[in-house]
Amino acid sequence: MSQNKSNVSSTAHTGPKKSFFQENERSITFIVAGIIVLILLYFGYQRLYLAPRAEKAANQMYQAEYYATIDSLQSKAIQGDGSFPGFKEIAEEYSNTKSANIANAYLGGLYLRQKDFQQAITHLEKYTETGSEVLDPLVIGLLGDAYSEEKIYDKAANFYKKAAEKSSNIYTSPMFLRKLGLVYEELQDFAKAEAAYQKIHNDFPESAEATTIESFIARVQAKQK
């Protein structure tokens, strides 16, 4: 990769360059919060398999889910509190259940917020797609975030592209298309970056990302001259 990488964190400001996580912390927080809400719904309409192990695992997850919503208690969400297991124990103890699968999604999001990107990748890659049009792209996008932080931009691009295409909607698709454009800029592939940004402009004009996307388009067009 070229050493003269484009600065993707800002188009105008000066000063220390923020990390990819800092620039996208709001959307990452949204993803983790989205997972928390979706899990509560998930067990409401999906029948668990491998009962009674799966049922026991599901019944033990509620305390870890509660801890996951509180920043200061997220270590307990991962490790447990001595009385209730954390997501790590659930993922290991109840492997091959839906609860363990969802626990890995939680763990990936929590480790990402703690900036332990290798652990985030390890658990997110253990996640098996459920068929959910919202949860699956969110988890795939988290993998893109983790690989971006590790500066493995080719893999990040693959996951962002997959997340954006997994379920076309105004909330997750433009968010991941924007991130896709950013990593293409890191890869010095400005034509692909422009295509990602143009898709936001053309297909999701009412999205939050569309309000500033013209400046992104202009930036990569200038770099292609």
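Quick caveat: nothing in here was measured; it's all calculated off a predicted structure.

The rules behind these values
- Residues numbered from 1 in each chain as written.
- Predicted model: local features only at pLDDT ≥ 70, side-chain atom pairs only at ≥ 80, totals over all residues.
- Heavy atoms only, no water.
- Helix = DSSP H or I, 4+ residues; strand = E, 2+ residues; numbered from the N terminus.
- Buried < 20%, exposed > 50% of the residue type's maximum accessible area, 1.4 Å probe, protein only.
- Contact = heavy atoms within 4.5 Å.
- pLDDT = per-residue confidence, 0-100.
- Expected span 1.5 Å × (residues − 1).
- Arc of directions from axis to C-beta.

### Considerations on the overall build of the protein chain
Part 1 of the reasoning: Scanning the protein chain from terminus to terminus reveals twelve helices and zero strands.
Part 2 of the reasoning: Counting helices and strands in the order they occur from the N terminus, the protein chain gives α-α-α-α-α-α-α-α-α-α-α-α.
Part 3 of the reasoning: Split into buried and exposed, the 225 residues of the protein chain put 49% on the buried side.
Part 4 of the reasoning: Put simply, 58% of the contacts in the protein chain that link residues at least 6 apart link residues at least 24 apart.

### With respect to the environment of Gln119
Part 1 of the reasoning: If you trace the backbone, Gln119 turns up in helix H7 (residues 117–124).
Part 2 of the reasoning: Judged by its relative accessible area of 30%, Gln119 is partly exposed.
Part 3 of the reasoning: Taking the C-alpha atoms as reference points, Gln119 and Ala146, 27 residues apart in sequence, are found 9.3 Å from one another.

### Some points on the confidence of the model for the protein chain
Part 1 of the reasoning: Residues at a pLDDT of 70 or more form 76% of the protein chain, whose mean pLDDT is 81.
Part 2 of the reasoning: Element-level pLDDT for the protein chain is lowest in helix H2 (residues 25–45), with a mean of 52, against a maximum mean of 97 in helix H11 (residues 190–203).
Part 3 of the reasoning: Low pLDDT, under 50, characterises residues 1–14; the predicted model gives this stretch 25 contacts beyond four residues in sequence or across chains.
Part 4 of the reasoning: Scored below 50 in pLDDT, residues 40–50 makes 23 contacts in the model with residues more than four places away or belonging to other chains.

### Here's the deal with helix H6 (residues 98–113)
Part 1 of the reasoning: With 16 residues, H6 should reach 22 Å at 1.5 Å per residue; the first-to-last C-alpha distance of 23 Å fits that figure.
Part 2 of the reasoning: Looking at the residues trailing H6, positive phi occurs at Lys115, about 65 degrees.

### Focus on helix H12 (residues 213–223)
Part 1 of the reasoning: Buried residues of H12: Ile213, Phe216, Ile217, Arg219 and Val220, and no others. For H12, the angular spread of the buried residues around the axis is 160 degrees, confining them to a single face.

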